[in-house]
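Below are the chains, spelled out letter by letter.
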Amino acid sequence: MPHDDQYFLGHSIVEQRRLQQQAEELAEESAQFFDRIGLAPGSRVVEIGCGPQGCLELLSNRVGPTGSVVGVELSDHAVQLARSFLSERRLDNVEVRQGNAAETGLPREAFDLATARLVLVNIPEPEKIVSEMAALVTPGGVVALHEADWIAHVCDPPLPAWDRLRQVLDNYAEAKGMDLYVGRRIPRLLRNAGLIEVQVNPLIHIYGPDHTRRPIFLNFVNNLRDRIVAEGLISQGEFAESIASVERHLGEPETLVVSHLFIQAWGRKP
């Protein structure tokens, strides 16, 4: 994987598998999000950065046979996985196109809803994507975002190795122009893109000993190992020692792991 990849977590096979698992893990709260928005049967929807699965099935079920869903994804491998997923589930009202989230090439004002989940936290210049999403929806249409803010993702008791790896990720993201704390900004990004009646729903979780997302921090760091070591942000030896320390800490059932702060926000195009 080239080190200049614009997507924070890259497009490796391991990352695509993680995204497939994430789609299942976040399905319930995404379904509740679409219920809050009031997505109606017959709607036309675009999901930006859908990855290998995203919210495509949830959206397909809500818009029904008279509606349509378009997924936009940059990674060719993810596009192929998404198309296979659609074929397996026989989701005939959904198509996936390969394209750039900031310049989709889709017709302007053609959709009732434009949505993205955990995309902006992984890319530079997120305002360009929000602007594109606003351009895609019809007057009266909705732009809806589900984003992360790393401020709350901590463990207790504190662990120096966790803090060290967290600082490395912060430094890497900053060097690449990415904002790991973008979640708090998305209501403002929506307003700046011309959306009105912006609403916000916060989410936070505790990842207990048996929670599938308890090791998410380790997954992210391991995903970026080659990049952060190659750029001199941490040595191979210190990285391995830090990972082992965090693994042991997470293996202790008494260790508290708090999720990222997630912000769901949506607004209407006047």
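Structure's up top.
It should be emphasised that the depicted structure is a prediction, and the values quoted were computed from it without experimental measurement. (Residues numbered from 1 in each chain as written. Predicted model: local features only at pLDDT ≥ 70, side-chain atom pairs only at ≥ 80, totals over all residues. Heavy atoms only, no water.)

**Focus: the overall build of the chain**
Rules: In this description a helix means any DSSP run of H or I spanning at least four residues, a strand means any run of E spanning at least two, and both kinds are numbered starting from the N terminus. Computed with the Shrake-Rupley method and a 1.4 Å probe, the accessible areas treat only the protein chains shown as cover for residues. The charged-residue count follows a simple rule in which Lys and Arg add positive charge and Asp and Glu add negative charge, with His and chain termini not counted at all. Every charge is mapped to an atom, namely NZ of Lys, CZ of Arg, CG of Asp or CD of Glu.
Within the chain one finds 10 helices and nine strands. For the chain, the spread of C-alpha atoms along the principal axes amounts to about 55 × 35 × 35 Å. Per element, the accessible surface of the chain, about 11900 Å² overall, is 50% carbon and sulfur. Of the side chains in the chain, 26 bear a positive and 37 a negative charge, and the two mean positions are spaced by 4 Å.

**What about the sheet that holds strand β9 (residues 261-268)?**
Quick note on the threshold: When DSSP locates at least two bridges between a pair of strands, those strands are taken to pair. Think of each axis as a best-fit line through the C-alpha atoms, taken over the contacting stretch in the case of a helix, with angles from 0 to 180 degrees between the N-to-C directions.
With mixed pairing, the seven strands of this open sheet are ordered in space as β3-β2-β1-β4-β5-β9-β7. Pairing within the sheet leaves two strands with one partner each, and these edge strands are β3 (94-98) and β7 (196-203). When strand polarity is set aside, the average angle formed by the axes of neighbouring strands in this sheet is 15 degrees. In this structure, strand β2 (residues 68-73) lies alongside β3, joined through five bridges in parallel fashion. Residue pairing for β3: V70 is matched across the bridge by E95.

**Some details on helix α6 (residues 160-175)**
What counts, and what does not: Multiplying one less than the number of residues by 1.5 Å gives the expected span of a helix. The rule is simple: take the accessible area with a 1.4 Å probe, protein chains only, and divide by the maximum for that residue type; under 20% is buried, over 50% is exposed, in between is partly exposed.
Between its first and last C-alpha atoms α6 spans 23 Å; for 16 residues at 1.5 Å apiece the expected length is 22 Å, and the two agree. For α6, every residue scored as buried is listed here: A161, W162, L165, R166, V168, L169, D170, Y172 and A173. Two residues or fewer past α6, G177 is found with a positive phi of approximately 75 degrees.

**Some details on helix α4 (residues 76-89)**
Where we set the bar: Working note: the arc is built from the helix axis to C-beta atom directions. Polar contacts here mean pairs of N or O atoms no more than 3.5 Å apart (in protein, one a potential hydrogen donor and the other a potential acceptor; neighbouring residues in sequence count only if both atoms are side-chain atoms).
An ideal rise of 1.5 Å per residue puts 20 Å on 14 residues; α4 measures up with 20 Å between its terminal C-alpha atoms. All buried positions along α4 are accounted for by A78, V79, A82, F85 and L86. All buried residues of α4 lie within an arc of 120 degrees about the axis, which places them on one face of the element. Residues S87 and E88 are exposed on α4 and point more than 90 degrees away from its buried face. Where α4 begins, the capping side chain belongs to S75, and its oxygen is found 3.4 Å from the backbone nitrogen of H77. Of the residues flanking the end of α4, it is R90, one or two places downstream, whose phi is positive at about 55 degrees.

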